[in-house]
Each structure stands twice: as structure tokens, then as C-alpha cells.
Amino acid sequence: MAIRTRPPRTISDIKTHSGRTKREHQTYRDYFQVGALELERWRREREREAASRRIADIDSRIADIDREKRILLTEAGAIDSLAESKIKIGISEKKAPGFRIKY
């Protein structure tokens, strides 16, 4: 067997055309970038729609909770008709400024 005098070839020995193009304006790059931006815009619109649906679902559930709470308190006799009408129009009674302890 003969002794090899030439070093083995590596990745850096492979000849490519990479980097040989001129840096002049190439329109296909602009079209590619426009396409990428359109895809990103489409994804963001879907994301916005999903977020809006979630917010609408949360608002709906909060309204359901208030309605169920009002029904339960009415059935329990804890709310009279005047207090219920205040709840419907959004008037709340003033509460004491919290629990205070003297030392």
C-alpha cells in the first residue's frame, strides 16, 4: 500500500458559489421578504382573533356569574327588591374603610 502524501480533504476544500454573487439589488429577495411579511401578518391576525374570542368568552362568563349570584341571593332572601335594582343599575353602597385594629 502506498503512503499518502496529500492531506485528506475537508469541508473547507469543497468549492461552492456561495458569496460570489454581486451585492446588487435582486428583486426576488424583495418578493421573498414581502411573502414572509404577509405570512407573519396572517399569523398575527389569527392570534388577534383568538384573543378577542377569549376576551368575549371571559366577559360572557362574568355576566353569567353575576346573574347566577343574583338568582341565588334572591332565592335565599338576602336581597330585597331595592338592593336588586341598585345592583342592576350599578349603584353600590358605601362600605366601611376596612378592618382596623388599635394597638
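Residues numbered from 1 in each chain as written. Predicted model: local features only at pLDDT ≥ 70, side-chain atom pairs only at ≥ 80, totals over all residues. Heavy atoms only, no water.

Novice: Help me out: how do you make sense of the overall build of the protein chain in this one?
Specialist: Of the regular secondary structure elements, the protein chain holds 2 helices and 0 strands. Counting every position in the protein chain, which comprises 103 residues, the buried fraction comes to 3%. Accessible surface computed for the protein chain: about 11000 Å², of which carbon and sulfur atoms make up 57%. (Helix = DSSP H or I, 4+ residues; strand = E, 2+ residues; numbered from the N terminus. Buried < 20%, exposed > 50% of the residue type's maximum accessible area, 1.4 Å probe, protein only. Areas by Shrake-Rupley, 256 points an atom, 1.4 Å probe, with all protein chains shown as cover.)

Novice: Help me understand the pattern of salt bridges in this model?
Specialist: Any two side chains of opposite charge can pair if their charged atoms end up close together. Evaluated as defined, the whole model comprises 6 salt bridges. Of the charged contacts in the structure, one is a salt bridge between E68 and R61, with a shortest N-O distance of 3.6 Å. Judged by relative accessible area, which is 42%, E68 ranks as partly exposed. Residue R61 is classed as partly exposed on the basis of its relative accessible area, which comes to 44%. Here R67 and D64 are joined by a salt bridge, their closest N and O atoms 2.3 Å apart. Of this pair, R67 and D64 both sit in helix α1 (residues 27–76), separated by 3 residues, roughly a single helical turn. Judged by its relative accessible area of 43%, R67 is partly exposed. (Salt bridge = Lys/Arg side-chain N within 4 Å of Asp/Glu carboxyl O.)

Novice: Honestly, α1 in this entry has me stumped. Any pointers?
Specialist: One full turn of an α-helix is made of 3.6 residues, so residues set three or four places apart face in the same direction. For α1, built from 50 residues, the straight-helix expectation of 74 Å at 1.5 Å per residue is met to within 8% by its first-to-last C-alpha distance of 74 Å. Just beyond α1, the residue with positive phi is G77, at close to 80 degrees. (Expected span 1.5 Å × (residues − 1).)

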